[in-house]
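Structure assessment
Listed below, chain by chain, are the residues.
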Amino acid sequence: MAVPPPLPNAKNEKVRDFSSVKMFEDEIRFLRKMSKRQLAQQVLNFLMIVSSALMVWKGLALYTNSESPIVVVLSGSMEPAFYRGDLLFLGMPDEPVRVGDICVFKISGRDVPIVHRVIKLHDERKTGKQYILTKGDNNQVDDRGLYNPGQHWIHKEDIIGKILTVCRNDNDYYE
(Lines give C-alpha, C1' and ligand atoms only; values in the text may rest on other atoms or scores of the structure.)
Protein backbone atom coordinates (compact mmCIF):
# COMPACT_ATOMS: atom_id res chain seq x y z
CA MET A 1 0.00 0.00 0.00
CA ALA A 2 1.48 3.32 -1.05
CA VAL A 3 1.49 6.18 1.41
CA PRO A 4 0.63 9.59 -0.08
CA PRO A 5 3.38 12.21 0.01
CA PRO A 6 3.31 14.67 2.93
CA LEU A 7 1.54 17.98 2.45
CA PRO A 8 3.62 21.15 2.61
CA ASN A 9 2.92 23.50 5.54
CA ALA A 10 2.50 27.28 5.38
CA LYS A 11 6.26 27.80 5.02
CA ASN A 12 6.44 25.36 2.08
CA GLU A 13 8.45 22.92 4.19
CA LYS A 14 7.75 19.24 3.97
CA VAL A 15 5.87 17.86 6.96
CA ARG A 16 6.62 14.29 8.00
CA ASP A 17 3.79 11.83 7.48
CA PHE A 18 3.20 9.87 10.66
CA SER A 19 0.24 7.84 9.52
CA SER A 20 -0.68 5.06 11.92
CA VAL A 21 -0.44 2.42 9.17
CA LYS A 22 3.14 3.37 8.30
CA MET A 23 4.18 3.44 11.95
CA PHE A 24 2.58 0.04 12.53
CA GLU A 25 4.36 -1.42 9.50
CA ASP A 26 7.68 0.00 10.74
CA GLU A 27 7.16 -1.56 14.17
CA ILE A 28 6.38 -4.96 12.66
CA ARG A 29 9.54 -4.75 10.53
CA PHE A 30 11.56 -3.80 13.61
CA LEU A 31 10.13 -6.72 15.62
CA ARG A 32 10.89 -9.18 12.82
CA LYS A 33 14.53 -8.11 12.85
CA MET A 34 14.84 -8.97 16.56
CA SER A 35 16.12 -12.30 17.75
CA LYS A 36 13.76 -14.48 19.80
CA ARG A 37 15.71 -13.60 22.93
CA GLN A 38 15.42 -9.84 22.29
CA LEU A 39 11.69 -10.19 21.54
CA ALA A 40 11.14 -12.17 24.75
CA GLN A 41 13.01 -9.50 26.70
CA GLN A 42 10.83 -6.74 25.20
CA VAL A 43 7.65 -8.66 26.04
CA LEU A 44 8.85 -9.26 29.61
CA ASN A 45 9.76 -5.57 30.03
CA PHE A 46 6.30 -4.56 28.85
CA LEU A 47 4.65 -7.04 31.23
CA MET A 48 6.79 -5.73 34.11
CA ILE A 49 5.65 -2.16 33.43
CA VAL A 50 1.99 -3.15 33.30
CA SER A 51 2.17 -5.32 36.42
CA SER A 52 4.07 -2.60 38.32
CA ALA A 53 1.36 -0.07 37.48
CA LEU A 54 -1.33 -2.48 38.64
CA MET A 55 0.56 -3.19 41.87
CA VAL A 56 0.90 0.52 42.62
CA TRP A 57 -2.84 1.00 41.93
CA LYS A 58 -3.82 -1.90 44.19
CA GLY A 59 -1.38 -0.76 46.87
CA LEU A 60 -2.92 2.72 46.84
CA ALA A 61 -6.40 1.17 47.00
CA LEU A 62 -5.44 -0.85 50.08
CA TYR A 63 -3.63 2.06 51.74
CA THR A 64 -6.50 4.52 51.21
CA ASN A 65 -9.28 1.97 51.77
CA SER A 66 -10.88 3.13 48.52
CA GLU A 67 -11.69 1.05 45.45
CA SER A 68 -10.59 3.94 43.26
CA PRO A 69 -7.81 5.96 44.95
CA ILE A 70 -7.39 8.46 42.09
CA VAL A 71 -10.12 10.01 39.93
CA VAL A 72 -10.11 12.72 37.27
CA VAL A 73 -12.68 15.52 37.32
CA LEU A 74 -14.72 15.26 34.12
CA SER A 75 -17.18 18.14 34.40
CA GLY A 76 -17.45 21.69 35.69
CA SER A 77 -20.12 20.91 38.29
CA MET A 78 -17.72 21.50 41.21
CA GLU A 79 -16.11 24.73 39.97
CA PRO A 80 -14.44 26.71 41.49
CA ALA A 81 -13.38 23.96 43.93
CA PHE A 82 -12.27 21.60 41.13
CA TYR A 83 -11.84 22.09 37.41
CA ARG A 84 -11.95 19.62 34.52
CA GLY A 85 -8.79 17.54 34.42
CA ASP A 86 -7.88 17.92 38.11
CA LEU A 87 -6.67 14.71 39.78
CA LEU A 88 -8.36 13.89 43.07
CA PHE A 89 -6.68 11.56 45.54
CA LEU A 90 -9.28 9.73 47.61
CA GLY A 91 -9.39 7.96 50.91
CA MET A 92 -12.13 6.27 52.87
CA PRO A 93 -11.68 7.35 56.49
CA ASP A 94 -13.55 5.58 59.30
CA GLU A 95 -15.28 8.78 60.38
CA PRO A 96 -18.91 9.32 59.37
CA VAL A 97 -19.96 11.44 56.43
CA ARG A 98 -20.76 15.05 57.37
CA VAL A 99 -22.51 17.93 55.67
CA GLY A 100 -19.90 19.84 53.65
CA ASP A 101 -17.74 16.78 52.87
CA ILE A 102 -16.82 16.38 49.22
CA CYS A 103 -17.40 12.77 48.30
CA VAL A 104 -16.96 10.62 45.23
CA PHE A 105 -19.83 8.21 44.76
CA LYS A 106 -21.18 5.78 42.21
CA ILE A 107 -24.80 5.34 41.24
CA SER A 108 -25.71 1.68 40.70
CA GLY A 109 -25.88 0.85 37.02
CA ARG A 110 -23.52 3.65 36.00
CA ASP A 111 -19.78 3.43 35.38
CA VAL A 112 -18.62 7.00 35.95
CA PRO A 113 -18.24 8.19 39.56
CA ILE A 114 -19.58 11.61 40.59
CA VAL A 115 -17.70 14.17 42.70
CA HIS A 116 -20.11 16.39 44.68
CA ARG A 117 -20.57 17.98 48.11
CA VAL A 118 -22.86 16.56 50.82
CA ILE A 119 -25.61 19.13 51.49
CA LYS A 120 -28.04 17.17 53.66
CA LEU A 121 -27.94 14.11 55.92
CA HIS A 122 -30.65 12.02 57.48
CA ASP A 123 -29.75 9.35 60.04
CA GLU A 124 -32.27 6.62 60.69
CA ARG A 125 -32.07 5.76 64.39
CA LYS A 126 -33.57 2.27 64.20
CA THR A 127 -31.26 0.88 61.52
CA GLY A 128 -28.36 3.32 61.82
CA LYS A 129 -28.51 3.86 58.06
CA GLN A 130 -27.36 7.25 56.80
CA TYR A 131 -29.22 8.95 53.95
CA ILE A 132 -27.06 11.43 52.02
CA LEU A 133 -28.06 14.17 49.56
CA THR A 134 -25.39 15.73 47.36
CA LYS A 135 -25.04 18.70 45.01
CA GLY A 136 -22.36 20.09 42.72
CA ASP A 137 -21.12 23.52 43.88
CA ASN A 138 -21.71 24.91 40.39
CA ASN A 139 -25.17 23.32 39.98
CA GLN A 140 -28.46 25.08 40.70
CA VAL A 141 -30.27 22.01 42.11
CA ASP A 142 -29.39 18.94 44.17
CA ASP A 143 -28.44 15.59 42.64
CA ARG A 144 -31.81 13.83 42.89
CA GLY A 145 -32.06 14.17 39.10
CA LEU A 146 -28.78 12.26 38.75
CA TYR A 147 -29.81 9.41 41.02
CA ASN A 148 -31.70 6.41 39.68
CA PRO A 149 -35.47 6.88 39.17
CA GLY A 150 -37.25 6.79 42.52
CA GLN A 151 -34.00 7.22 44.43
CA HIS A 152 -33.90 10.37 46.56
CA TRP A 153 -30.79 9.68 48.66
CA ILE A 154 -27.49 7.86 48.39
CA HIS A 155 -25.97 5.79 51.18
CA LYS A 156 -22.49 5.37 52.64
CA GLU A 157 -22.13 2.16 50.60
CA ASP A 158 -22.37 4.25 47.41
CA ILE A 159 -19.43 6.44 48.42
CA ILE A 160 -16.06 5.29 47.10
CA GLY A 161 -14.00 7.98 48.83
CA LYS A 162 -13.55 11.44 50.26
CA ILE A 163 -11.11 13.95 48.82
CA LEU A 164 -7.69 13.82 50.51
CA THR A 165 -5.77 16.11 48.16
CA VAL A 166 -5.98 17.66 44.71
CA CYS A 167 -3.45 17.88 41.90
CA ARG A 168 -4.46 20.82 39.72
CA ASN A 169 -4.10 20.26 36.01
CA ASP A 170 -3.20 23.85 35.15
CA ASN A 171 -0.77 24.63 37.98
CA ASP A 172 2.45 23.06 39.24
CA TYR A 173 1.43 22.87 42.88
CA TYR A 174 -0.53 20.59 45.12
CA GLU A 175 -3.14 21.50 47.68
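Under an unreviewed UniProt entry, the name given to the chain is Signal peptidase complex catalytic subunit SEC11, and the source organism is Gigaspora margarita. Under the Function (unreviewed entry) heading, UniProt states for the chain: "Catalytic component of the signal peptidase complex (SPC) which catalyzes the cleavage of N-terminal signal sequences from nascent proteins as they are translocated into the lumen of the endoplasmic reticulum. Specifically cleaves N-terminal signal peptides that contain a hydrophobic alpha-helix (h-region) shorter than 18-20 amino acids."

The subject of this paragraph is the side chain of R168. Assignment of secondary structure puts R168 in the segment after β7 (159-167). Accessibility expressed as a relative area gives 10% for R168, which makes it buried. Polar contacts involving the side chain of R168 include one to the main-chain carbonyl oxygen of A81, which spans 2.8 Å. At 3.0 Å, the side chain of R168 forms a polar contact with the side chain of D86.

The next point concerns the packing of aromatic side chains. Here the structure, examined in full by the defined rule, presents 2 aromatic pairs. When the ring of F105 is compared with that of Y147, the centres are 6.3 Å apart and the planes differ by 75°; the resulting orientation is edge-to-face. You can see F105 sitting in strand β3 (residues 102-105) and its partner Y147 sitting in the loop between β5 (130-135) and β6 (154-155), a full 42 residues away along the chain. Here the two residues F105 and Y147 agree in accessibility, since each one is buried.

Rules used in this analysis
Residues numbered from 1 in each chain as written. Predicted model: local features only at pLDDT ≥ 70, side-chain atom pairs only at ≥ 80, totals over all residues. Heavy atoms only, no water. UniProt positions renumbered as here; feature names shortened; annotations may be inferred. Helix = DSSP H or I, 4+ residues; strand = E, 2+ residues; numbered from the N terminus. Buried < 20%, exposed > 50% of the residue type's maximum accessible area, 1.4 Å probe, protein only. Polar contact = N/O pair within 3.5 Å; in protein donor to acceptor, adjacent residues only side chain to side chain. Phe/Tyr/Trp six-rings, centres within 6.5 Å; stacked < 30°, edge-to-face > 60°.

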